[in-house]
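Working through the structure, step by step
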Amino acid sequence: MRKRLLSSCIVILAVLLLIPAVPAFAQEPEEQQCWACHRQPNLDTVAGVQAANALCLDCHEDPDISKELVGHVVRLQVEEEAYAATRHGHVACVQCHATVGHSPHEEVAPLACEDCHSNLSQHIATGDAHLTVECSACHFETVVRDAESGVVQMSALDDQGSALDRTSHQMTDPVDCGRCHYQGNQVGAADVALPPKGLLCFACHDASPVLYAGNIGSGGSGVRTDWVSAPALLVFCLGLVLASSVWLRGTVHGRTDLSTGEKLSYIAADACGILFSRKIFTLLKYLVLDGILLRRTLRESVSRWFMHGLILWPFLARCFLGVFTWCLAQFCPTASLTQALVDKNAAPVAFWYDFLAVLVVVGALLALVRRAFDKQMREISTAGDVAITALLGGIFVFGFVVEGARLIVTAVPPDQAIYSFGGYAVSLLLRLLPVTWASIYGYLWWVHAALVAAFVAYLPFSKFFHILVGPMLVAIGGLLREKE
Amino acid sequence: MGLEQLTVRQLIELDACTRCGLCIEWCSNCPEIDDPSAWPREKISGLKSLVRKQFGLRARLRGPSDPSEGALERLSRAVYDCTLCARCAEVCPVGIDTRSLWLATREEMVHRGHYPEEFNTLRETVTTKYNISGDDPEERLIWSENLEEVPQGVKGKETAEFVYFVGCTPSFYPQTYGIPQATVAVMEKAGLDYTVLGREERCCGYPLIIAGMADPVKELVAHNVEAVRAKGARTLVAGCPSCYHTWLYEYPRILGEPLGFEVQHMTQLLEELLVQGRINLGEFPLSITYHDPCDLGRNSGIYETPRNVLRSIPGVSLVEMEENRQYALCCGGGGDVAMWNQEVVEAVARRRLHQAEATGAKALVSACQQCKRTLMTAARQEKVRMQVLDIVELVARVMEE
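Residues numbered from 1 in each chain as written. Chains lettered and ligands numbered in written order. Predicted model: local features only at pLDDT ≥ 70, side-chain atom pairs only at ≥ 80, totals over all residues.

**Observations concerning the overall build of chain B**
Along its length, chain B carries 20 helices and eight strands. Relative to the compact-globule value of 21 Å for 401 residues, chain B shows a C-alpha radius of gyration of 21 Å, a close match. Projecting the C-alpha coordinates of chain B onto the three principal axes gives extents of approximately 75 × 45 × 35 Å. The buried share among the 401 residues of chain B stands at 54%. Here the contacts in chain B between residues at least 6 apart in sequence split such that 78% fall between residues at least 24 apart. (Helix = DSSP H or I, 4+ residues; strand = E, 2+ residues; numbered from the N terminus. Rg over C-alpha atoms; globule rule 2.2 N^0.38 Å. Buried ≥ 20, exposed ≤ 12 C-beta atoms within 10 Å, placed from the backbone. Contact = placed C-beta atoms within 7 Å.)

The following block contains the structure:
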């Protein structure tokens, strides 16, 4: 009886123990992981990494180990000591080669760099054009563009078509942007490497607020300092300082005997009195209603309101989209929304950016048409007013030219490019011109950036200063009126 | 000195101008002046350039400089041609308080000696005769001489609950004598305990304040406030919107303390008396239109009170002009422009009169002696058969015995 009970218990225990193993047996052989049979070491420990690598090196230390790749025999021997001396020497093989721990033993996905380097900002810092470039393409020796997927990746062959020894694990440092960015390259890169979109570009794009981007390229091929934003912002700030130095000559609380410091402290006290009280809601109400929704303009003229709104609101929306995307990339880089937003060729992103820009162009055109055809407006317009409105519209129009050229250079397929409808339409026109757009693209980009920089630098000295001062004034005015 | 008195906010306002030109579309006198310098937008540019030359970077490095004589002349002309109606402030998308900028510019022009010489006469007259007409201050009550019976309030009381501040224009310009006459009739009818200041009343100082010559005003303020306080009054009633605005907003500022009594415009008192039933109005089957005086409407925010008074007259049909309330066109008589450029005044007045005419109303009612004077003159010149009345005159006319 006791024996029967014992044997029954053993059977039940065996069944219970076997239940978790059933799915493993039920799986197709090709989906099996090494860790189904081998005990998974703790890769967070040095011992674990060494144990995991020992498993790989069991085979990969063999000097004869190789495989055939695109018709070439590629050596796959890894020397333990040499590997340990590389930058990633402390990392387990399977942490980067995340898909090789399967049966059959084959690497089916790119290196899993993002598992550790999860912050996409490095790539955004080098421009969102690199979203279709695998990390290994820049950080190892040679690159190739996959004709089917358009992805730029590490090449198996060198320039002479011979198989590359890819086992050294030595990374190129610093990155040589010129490896892709040269005349006649085959990977869809512009002839010159362009800097990442800088702080100023946030006005309309997903950009990077980095004025000095660090060592991201070598030999001047990767521009490290934001030469667009830095000088423009310097002049802009100078303009602000000059303007505020004039403002601070004014009286505060009706007193003419105050020093600048005393005035500033009075103003700061007043500002705190608003910011840290319920008045802030009143201020925000007027800021939104009059500063952003332009209620005061609407009250006087629907056409003016509509025209001004067409310029302001899409501009604000693009700015918001850009900053929002950057925030997402900083704080949740792997989220699918982030991945969708950082890709400017993704259908919704491409469409919205273009749609908003078209609205701005229409607004600027309406403003110019009004000035040209409305008798009263013509009488009160000055050449300067027309010029600066045209500059604003011109920046956006030129943006479409740059986008059109980009679509050509990076060979975005038409069924995807169509969503960037403004740029796509321009690209169709540009294709008619006998020009190598990969050579021109860099110049177009720089001209667009320089126009923006000029606009921003000129802003505190022009009538467009109202962009900053107007909403502030109208909000404070509303607050004061309500107080009265 | 104008520029030194500019507030931080005013200096920011100069940078906030979008140059949109809405102010030009709404400017009361711009259509009458064939010079873009008169546009509010250009006045802001002119003042901004003046400020930059005094406080800007170059001024800091090399010392302040002055604009050319021509530029100063143009700016001066532009601000002294302005009726200070403040329609530009009303429509400005960024809410620039333009009127106070024009006043500061006038002060600066006085400081620099760039102002119409007629204003020297004004200053001389107001500071020596204490009125704007130059008449003998002893004649302040000349308007009361053809009253059937001069009431005790006009003869003068030692103390009274109400002090009626008549103002210079109704005291000395015969066209407007009817206003104080009607006012005392209403006050008598309502049985108010009131008095006037008589020879002790001095110009409120408004014409000098808006001329940019505020310095001598302190003395006028001190005298007037003392005179009203001596009567132990609870309320000061002004029939003139400019006097009302000055008493209510400028006096406490200049004095540096509260007045200690209430300040009312006649229309506010009329509304109170009607609500309290202290006066009753008889039938008056007439179509009328109301002209908002700039200093009562836009500058003091009183739009509905006079309309309520008019609507309470049985039989009256009140029709609005195309531009009314905060959009009301100036009568042309504001801003001391009448002191030196009568052409602009008359041209603006004609436009306003024709707006009134377009309503089909038989009477044009205002609540300001200067509006009445200007619009009445325009009606005569244009041969428009339309009665031009002050609201208190209309009320007195339809008041039941």
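**Overview of the overall build of chain A**
In terms of helices and strands, chain A carries 20 helices and six strands. Relative to its 484 residues, chain A shows a buried fraction of 30%. Contacts in chain A between residues at least 24 apart in sequence constitute 59% of all its contacts with a sequence separation of at least 6.

**Observations concerning the domain arrangement of chain B**
Where the parts come together, the accessible area they lose is often given as the size of the interface. Residue and element names in this part refer to chain B. As far as domains go, chain B holds domain 1 (2-112), domain 2 (118-272) and domain 3 (281-398). Taken over C-alpha atoms, the centre of domain 1 sits 29 Å from the centre of domain 3. In this assembly, 13 residues from domain 1 lie in contact with 16 residues from domain 3. Residues belonging to the side of domain 1 that touches domain 3 are distributed by class as follows: six nonpolar, three polar and four charged. (Domains from an automatic or database assignment. Nonpolar A, V, L, I, M, F, W, Y, C, P; charged D, E, K, R; others polar.)

**Observations concerning helix 17 (residues 304-311) of chain B**
For the α-helix, the turn length of 3.6 residues means that residues three or four positions removed from each other point alike. For helix 17 of chain B, the full list of buried residues reads B:Thr305, B:Pro306, B:Arg307, B:Val309 and B:Leu310. Buried-residue contacts for helix 17 of chain B involve helix 16 (266-276), strand 5 (287-290), strand 6 (317-319), strand 7 (363-366) and helix 20 (391-398) of chain B.

**Notes on the environment of A:His466**
Position of A:His466 relative to the elements: it lies in helix 20 (residues 466-483). According to the C-beta neighbour criterion, A:His466 is buried, with 22 such atoms within 10 Å. In the structure, A:His466 is positioned 391 residues away from A:Arg75 in sequence and 66 Å away in space, judged by C-alpha atoms. Dropping the residues within four chain positions of it, A:His466 is found in contact with B:Ala16, B:Cys17, B:Thr18 and B:Val94.

**Concerning the domain arrangement of chain A**
One can read the domain layout of chain A as domain 1 (22-109) and domain 2 (278-483). Computed from C-alpha atoms alone, the centre-to-centre distance between domain 1 of chain A and domain 2 of chain A is 51 Å.

**Digging into the sheet that holds strand 1 (residues 162-165) of chain B**
Residues and elements named next belong to chain B. Strand order in the open sheet formed by four strands is 2-1-3-4, with parallel pairing between adjacent strands. Only two strands of the sheet have a single partner each, and these edge strands are strand 2 (194-196) and strand 4 (262-265). Taken pair by pair, the neighbouring strands of this sheet meet at an average axis angle of 30°, ignoring direction. Examined bridge by bridge, strand 3 (residues 235-238) and strand 4 share four bridges and lie parallel to one another. Residue pairing in the sheet places Val-237 in a bridge with Gln-264 of strand 4. (Pairing = 2+ DSSP bridges. Axes fitted to C-alpha atoms, helices over the stretch in contact; angles between N-to-C directions.)

**A few points about the interface of chain A and chain B**
Opposite the 27 residues of chain A that make contact, chain B presents 28 residues. Elements with a minimum of two residues in the side of chain A that touches chain B: helix 8 (229-247), helix 11 (295-300), helix 15 (375-380) and helix 20 of chain A. By residue number, the principal contributor to the side of chain A that touches chain B is helix 20 of chain A, which donates six residues. In terms of residue class, the side of chain A that touches chain B is made up of 14 nonpolar, eight polar and five charged.

**Some remarks on unusual backbone geometry**
Residues and elements named next belong to chain B. At Asp-336, a position not held by glycine, the phi torsion is positive, near 65°. Overall, the presence of 26 C-beta atoms within 10 Å leaves Asp-336 in the buried class. Positioned with a positive phi, Lys-383 is a non-glycine residue whose angle comes to about 55°. Relative to the helices and strands, Lys-383 resides in the loop between helix 19 (369-382) and strand 8 (387-390).

**A look at the confidence of the model for chain B**
Taken as a whole, chain B shows an average pLDDT of 95; of its residues, 100% reach a score of 70 or greater. Two summary scores accompany this predicted model of the complex, namely pTM at 0.85 and ipTM at 0.90. (pLDDT = per-residue confidence, 0-100.)

**Details of helix 14 (residues 347-373) of chain A**
All names here are of chain A. Helix length check: helix 14, at 27 residues, gives a terminal C-alpha distance of 38 Å against a target of 39 Å (1.5 Å per residue), a fit within 8%. Regarding helix 14, the residues found buried are Ala-350, Tyr-353, Asp-354, Ala-357, Val-360, Val-361, Gly-363, Ala-364 and Ala-367. On the buried face of helix 14, the contacting elements are helix 12 (302-331), helix 16 (383-409) and helix 18 (421-430). (Expected span 1.5 Å × (residues − 1).)

**Re the sheet that holds strand 6 of chain B**
Strand pairing in a sheet relies on backbone hydrogen bonds, with the paired strands running either antiparallel or parallel. Residue and element names in this part refer to chain B. Taken in spatial order, the four strands make up an open sheet running 6-5-7-8, and their pairing is parallel. What marks the edges here is a single partner per strand, and that holds for strand 6 and strand 8. Looking at each pair of strands side by side, their axes are set apart by 35° on average, direction ignored.

**Thoughts on the packing of helix 12 (residues 178-190) of chain B against helix 20 of chain B**
All names here are of chain B. For the pair helix 12 and helix 20, interaxial distance at closest approach is 8 Å and the crossing angle is 50°. Classed by the angle they form, the pair helix 12 and helix 20 counts as oblique. Helix 12 and helix 20 meet at a crossing whose hand is left-handed. From helix 12, Gly-178, Ile-179, Ala-182, Thr-183, Ala-185 and Val-186 reach across to helix 20, where they touch Val-392, Glu-393, Val-395 and Ala-396. Residue composition of the contact of helix 12 with helix 20, grouped by class: seven nonpolar, two polar and one charged. (Parallel < 35°, antiparallel > 145°, perpendicular 65-115°, else oblique. Left-handed = near helix turned anticlockwise from the far one by under 90°.)

**Regarding the confidence of the model for chain A**
All names here are of chain A. Looking at chain A as a whole, the pLDDT averages 83, with 86% of positions reaching at least 70. The secondary structure element of chain A with the lowest average pLDDT is helix 2 (residues 21-26), at 44, and the one with the highest is helix 18, at 96. Across residues 17-30, where pLDDT falls below 50, the model places five contacts with residues more than four positions away in sequence or in other chains. Low pLDDT, under 50, characterises residues 216-223; the predicted model gives this stretch 25 contacts beyond four residues in sequence or across chains.

**So, the pairing of strand 4 of chain B**
Burial of the side chains of strand 4 of chain B is restricted to one face: B:Val263 and B:His265 are buried, whereas none of B:Glu262 and B:Gln264 on the reverse face is. After leaving strand 3 of chain B, the chain enters helix 15 (residues 241-255) of chain B and then returns to the sheet as strand 4 of chain B, a path that is right-handed. (Right-handed = clockwise from strand over helix to strand, strands pointing away.)

**A closer look at the environment of B:Asp35**
Residue position: B:Asp35 is located in the loop between helix 3 (22-26) and helix 4 (40-55). Separated by 43 residues in the primary sequence, B:Asp35 and B:Ala78 place their C-alpha atoms 8.7 Å from one another.

**Brief notes about the packing of helix 14 of chain A against helix 18 of chain A**
Residue and element names in this part refer to chain A. Closest axis-to-axis distance for the helix 14/helix 18 pair is 7 Å, and the angle between their directions is 80°. Looking at the two axes, helix 14 sits roughly perpendicular to helix 18. Side by side, helix 14 and helix 18 meet where Asp-354, Ala-357 and Val-358 of the first sit next to Phe-421, Gly-422 and Gly-423 of the second. Counted by class, the contact of helix 14 with helix 18 contains three nonpolar, two polar and one charged residues.

**Looking at the environment of B:Ala16**
Its location among the elements puts B:Ala16 in helix 2 (residues 8-16). On a C-alpha basis, the gap between B:Ala16 and B:Pro93 in space is 9.9 Å, while along the polypeptide they are 77 residues apart.

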